[in-house]
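This is what each chain is made of:
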Amino acid sequence: MPPSAAASPNAETAPGRPDWPDCPEAWRVEVFKRVEFDDPEGTHALAAIRELGIASVTRARLGRGFLLPPTLERDAVDRIAGELLADPVLDEARVTAPGEPPSVPGGVRRVLIARKPGVMDPVALTTARAIARTGLVSGTVADDAAELAVATFQAWELEGAPSDAEVDTIARRLLANEVIEDIHAGTEGLFYGRPQAGAAHGAVTVALRDASDAQLEELSAEGVLALNLTEMRAIQEHYRGLEREPTACELETLAQTWSEHCKHKTFRGLIEMDGELIDDLLMSTIARATHELDKDWCISVFHDNAGIVAFDEGWDLAFKVETHNHPSAIDPYGGAGTGIGGVIRDIMGVGLGAKPIANTDAFFVGPMELPPEDVPKGTMHPRRILRGVVAGVRDYGNRMGIPTLSGGVWFDEGYVANPLVFAGTVGLIPRDCATKSVEPGDVVLVVGGRTGRDGIHGATFSSVELHDESETVSAAAVQIGDPIMEKRVLDALLVARDRKLYRGITDCGAGGLSSAVGEMGEHCGAEVQLDQVPLKYPGLTPEEIWISEAQERMVLAVPPENLAECLAVFAAEDVEATPIGHFTDTKRLVLTAHGEIVGELDMQFLHDGTPRPTRQAEWRAPELADPGCPPADDHGATLLALLGCPNIASKEWIVRQYDHEVQGTSVVKPMVGARMDGPSDGAVIKPLPDSRKGAAIGCAASSRYGRLDPGAMAEAVIDEALRNVVATGGDPARTALLDNFAWGNCDKPEQLGALVLAAKGCYRAAMAYGTPFISGKDSLNNEYRVGDETLSIPPTLFVSALAIVPNVERAVTMDVKRSDDLIMLVGTTRGELGGSEYLAQRGLAGGTVPRPDLAKAPALFAKLHSAMRMGYVRACHDLSEGGLAVAAAEMSLAGGRGMDLDLAMIDHADWPAAYDEDATLLYSESCTRFLVEVEPGKKFPFQTKLMGHVCIPLGRVAKTDRLKIKGTDGGLVVDLQGDELRAAFQSGFQG
Amino acid sequence: MSQPKALVLRSAGTNCEDETGRALTLAGARTDILHFRRLVADPGRLADYRIVVVPGGFSFGDDIAAGRVWGAELRAHLAREMRAFVAGGGLVLGVCNGFQVLLEAGLFEPDRRPEERSIALYENASNHYECRWIHLETQDTVCPWLVPGERFPVPVAHAEGRFVVRDDSTLKRLIEGRQVALTYVNEDGSPPEYPADPNGSVHHIAGICDPTGRVLGLMPHPERNISPLNHPQWTRLPKREEGEGLAFYRRMVETATAAPV
């Protein structure tokens, strides 16, 4: 059978004509909503069709399609349709016999969308199992659904009179993602059968020893190995020494293990900058701070899947944030879903396994209002990307039952072709489970999902630049998630952990089994029988099995005496667990298939053989004049515009789609206040039912600061992440940080130079604040090539903070609470508007990037936290994008009460004439500043606590709902009703 | 009075079993959490319990439709046992996905065949998953452990919670049979609009019971309002001793205790 029976519409055949030769040889059930009930998916699609500028469609309806085995009797199919697939109240089911065309209502244009053969389809698997297990087929209840091949598809019916071109546009730009799905418009043909995989084969060798440099480079590019010439030469040298050619399996293993994604070659390599030779940027900046700070509460840093810090009696917290940029660019939904799925597995596989208790997410995308013609070829519109990644995180995180509590969205032109997706997970882990080991003789047990061709070359794909054909050539790099599989793995894993049935574990992430087994066996050795790995469908080559990034898999090291009990634990949760080999003491990695050795590698060469070339780095600050801070004609209008600008406007439409209540642990939620519409600085959870200890989670980034001054950006972003946790009650002395760098191509000296400056900024700030980094991840090569032009993303550092909250009953929210309370401004305002929202609104570039005063800021955080523990603080909000004006407006609209503030109260140093006084005070984004609500009777003790820092009573919470701000000359510069503020704040893109 | 035993069932994709178990324990029950396949293997275990709860989550990924697959499995394997449990005075609660499951399993209309079902839960009018706090009001109901007229805050978190009926006579039958147990209201008790009614349910129905009152299903999550710190506005509210959801579970446990075995 061809892979796709009918991929192109047949223009000569009228739609609906009942003589399709290629109707699938399977029962077809299409389930539509009855006409008397609205079809929310259809309504939603129609709105999106309008957004595409297509007015000819009057109605869209979605039919959920199923293909069932032709061997079923009609009665059985009717029962399956009536009792399982369709709802008796809401739905009507159309059943069509094998090989027959379906009967279709007149006057509709049909578009069928089906997953490409071999693409993971969890609904089809669930349906097959449900049919088998509920006795819908001839009364038998079978556990084995293997014989029941089920496929699913979507049947869209468009009413009205769209042209062929319009139907094509709708299908391609809205309904289908052609990376993973086939579109069938004007045909009823659908693929039904087993996917075609590459022919299985035994050991294959690659002629490498005599290859020229050009041939080596060609081999690397053709195989998507992402190895540079130096690395290819090192491999060639190694095999010349061995006097044999490498096998395909060996070459793939080396490519995966040496990939930028797994090895962090840039961060761990040699860099020359301004005459200085940096040997391992990570160890000499970020990790160095951790080691020099040497906090006894850091339980595990940098070497495991996630960082671990001490939490409470007997319990620790693990935290990891991952990037999943390239997969999200070509399939936003699947890419973001598997991104969060992957970082959850990191937490499940840290130490001996942690229970995930919170998720975080951050997206960096292009402008929502980007004209369609400005979307580069091969790229989706930023709206589609954002909607897709939000839905991906939503559907994975919600299904896993993990609250998504903290995050952010940043908008910038620089992310149009290369969006960034960060996903993080916090885990709770018993104190005695922080370390893992592997002993020779332990069984290599793979648990979870089956292995297929999905996600081949994910690790190496993420290390090459995207180009306008990425969508098509990289289809295999996309993985589809199955969160319920992962949930089952988690349920079984925690039981097995608590019974101490295994002693080592890691997740299958980038590089699949090759990375997981290779890492676990690094210090002893391992032997793997690839033919034992359970497959989704036959026909995979050994190297495909070995490097597949099929999702929801983990690898355990199980002592042989525990194997039987371990298998039983997984079987009880319906999770496949399969021994595929064992760990050895040979220091070699041996791969076999059907008794034949298909690869044999020396662990030391595999892990330490990567050449370390010296790269050049330089930095030249952009030559831009300082625009100062021009005055605003109308501060009220300016403030409203800022509240509605993309980076500031409410993200409630995203927050509400995430379950932030599951597990019942959230104490400070993402949206707070009288109407629960105020943006919280951070989130606080109370993970242990019988303890008052909590954890505050915050994050920060900037897309603009880094272009101007990467070093200042790093310090400012760390300061903001700290502000976010301190503002909600987190202890700055017990705060751990995570770094995530997303950068352009670091083979370019100026990109690498920016990276060096940012990493050094991280070191300075971490040392000053006493906040160690415990984990991190870098994603380099975020570049996009269109024709001859290479576009690089803005240097982006995403910092996450995890702080202990000593007593969650002292946690603080940002909404003002009581009239007549004092509003105090804490922290120094400087003329720092470089990269600010205010200048961006005016189209001005340049200026001084905010930079914290590292000599004073740490003490300010400590003192503010101390005041909170004394109960002096009723509300607290940090000043960030949009400065004082935006912070005041947000606190006010969240609390449903106005404020009377007076800028003349602020004592400040003289600024150059180019800095308008009112505008600078209102919109500067200087670091380490807060607005704090203090009840009048506690003003003195609060100010005493903050001794040595700017701590000014700026005004009071009003009795009315008006925000009034007096300028330095005494006149009102802002006078706005709460409803106006709220409307502006909620005026942004709403999904 | 002996402490009643409560059974929290779970399946692949259940994710609220821990907080539901905790709420029941705090409310005074001895609580077990059990994978439903183990109950299918040994249905006699039901006799040990006075309360069965099907908690929230995404059973089987909500594939096909929310609660569809687990509901079909319960119907296929435990229908007789569950009916006998209710007839014997046992209490059954389904929360969120558990409500969807009980509805699919046919527990609210025990005399009807699957294709005759007259009530359904489907996609929210907003067409997306939604997590927010709302207010519930208890109606005049046959459910023996709810107090009519009571109003309390709880969170909702679902994508398919819109309660609909086959026809007007179904709604009439539910109201007259006092099966409409809980409705969405504004905080002051007035009729809600979106988002106070988060999904667009007919009659703003958030929860219903079976004709006996001993089977209750609701979309919102009372077990997520147990501690005073669960409430999204606790930093601006007067100090409270406990979340309102705890009283909901406590009365259920008390009723189970008082019921004759």
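Quick caveat, the model's predicted, so the values are computed rather than measured.

An account of the overall build of chain A is needed here, citing residue identities and associated values.
When you go through chain A residue by residue, the secondary structure sums to 32 helices and 40 strands. For chain A, whose C-alpha radius of gyration is 29 Å, the value lies close to the compact-globule estimate of 30 Å for 991 residues. Taken along its principal axes, the extent of the C-alpha atoms in chain A is 85 × 70 × 60 Å. When contacts within chain A are restricted to residue pairs at least 6 apart in sequence, long-range pairs at least 24 apart make up 83% of them.

Now, about the overall build of chain B: what can you tell me, with residues and values included?
In terms of regular secondary structure, chain B is built from six helices and 11 strands. Here the C-alpha radius of gyration of chain B, 17 Å, is about what a compact globule of 261 residues would show, namely 18 Å. C-alpha atoms of chain B, sized along the principal axes, occupy 50 × 45 × 35 Å. Relative to its 261 residues, chain B shows a buried fraction of 58%. Considering only residue pairs separated by 6 or more positions, chain B has 73% of its internal contacts joining residues 24 or more positions apart.

A description of the interface of chain B and chain A should follow, citing residues and the corresponding values.
Listed per partner, the contact involves 48 residues of chain B and 52 residues of chain A. Here the element with the most residues in the side of chain B that touches chain A is helix α3 (residues 68–87) of chain B; it accounts for five residues.

Outline the confidence of the model for chain B, supporting the account with residue identities and numerical values.
Taken as a whole, chain B shows an average pLDDT of 95; of its residues, 98% reach a score of 70 or greater. Both scores are given for the predicted complex: the pTM is 0.94, the ipTM 0.96.

Tell me about the sheet that holds strand β10 (residues 307–312) of chain A, residues and numbers included.
Residues and elements named next belong to chain A. With mixed pairing, six strands are arranged side by side in an open sheet as β9-β10-β11-β14-β12-β13. Only two strands of the sheet have a single partner each, and these edge strands are β9 (298–300) and β13 (404–411). Sheet twist, expressed as the mean angle between neighbouring strand axes with direction ignored, is 25°. Two elements, β10 and strand β11 (residues 315–323), share five bridges in a ladder whose sense is antiparallel. Bridged to I308 within β11 is A318. Along the sheet, helix α13 (residues 332–348) makes contact with β11, β12 (355–365) and β14 (420–430), crossing β14 at roughly 25°.

How would you explain the nonpolar core if you had to name every residue and give the values?
All names here are of chain A. By size, the foremost hydrophobic cluster in this structure holds 385 residues, and its most contacted members are V555, L643 and V799. When residues of this core are assigned to their parent elements, the largest contribution, 12 residues, is made by helix α26 (residues 749–769). Excluding residues within four positions of it along the chain, V799 makes contact with C699, A700, A701, V717, I718, A721, L737, L738 and D739.

An account of the confidence of the model for chain A is requested, with residue identities and associated values reported.
Residue and element names in this part refer to chain A. Summary statistics for chain A give a mean pLDDT of 90 and a share of 94% for residues scoring 70 or more. Overall, residues 139–145 carries pLDDT values under 50, and its contacts beyond four positions in sequence, including any with other chains, amount to 10 contacts. Predicted confidence is poor over residues 468–475, with pLDDT under 50, and the contacts of this stretch with residues over four places away or in other chains come to 14 contacts.

Please give an account of the sheet that holds strand β21 (residues 588–593) of chain A that cites residues and values.
All names here are of chain A. Taking strand neighbours across the sheet as the criterion, the seven strands line up as β17-β19-β15-β20-β18-β21-β22 in an open arrangement whose pairing is mixed. The open sheet has two edge strands with one neighbour each: β17 (504–507) and β22 (596–602). The average angle at which neighbouring strand axes cross in this sheet is 20°, direction not considered. Where strand β15 (residues 443–448) meets strand β20 (residues 577–583), five bridges bridge the pair, whose relative direction is antiparallel. Looking at the pairing, V447 lines up with A577 of β20. Along the sheet face, helix α20 (residues 563–572) touches β15, β19 (553–558) and β20 and points at about 150° away from the line of β20.

Let's hear about helix α14 (residues 382–400) of chain A: which residues, and what values?
Here α14 of chain A contains 19 residues, and its C-alpha end-to-end distance of 27 Å stays within 8% of the 27 Å for a straight helix at 1.5 Å per residue. Positive phi shows up at G401 of chain A, right after α14 of chain A, with a value of about 75°.

Rules of the game
- Residues numbered from 1 in each chain as written.
- Chains lettered and ligands numbered in written order.
- Predicted model: local features only at pLDDT ≥ 70, side-chain atom pairs only at ≥ 80, totals over all residues.
- Helix = DSSP H or I, 4+ residues; strand = E, 2+ residues; numbered from the N terminus.
- Rg over C-alpha atoms; globule rule 2.2 N^0.38 Å.
- Contact = placed C-beta atoms within 7 Å.
- Buried ≥ 20, exposed ≤ 12 C-beta atoms within 10 Å, placed from the backbone.
- pLDDT = per-residue confidence, 0-100.
- Pairing = 2+ DSSP bridges.
- Axes fitted to C-alpha atoms, helices over the stretch in contact; angles between N-to-C directions.
- Core = buried A, V, L, I, M, F, W, Y, C linked by C-beta atoms within 7 Å.
- Expected span 1.5 Å × (residues − 1).

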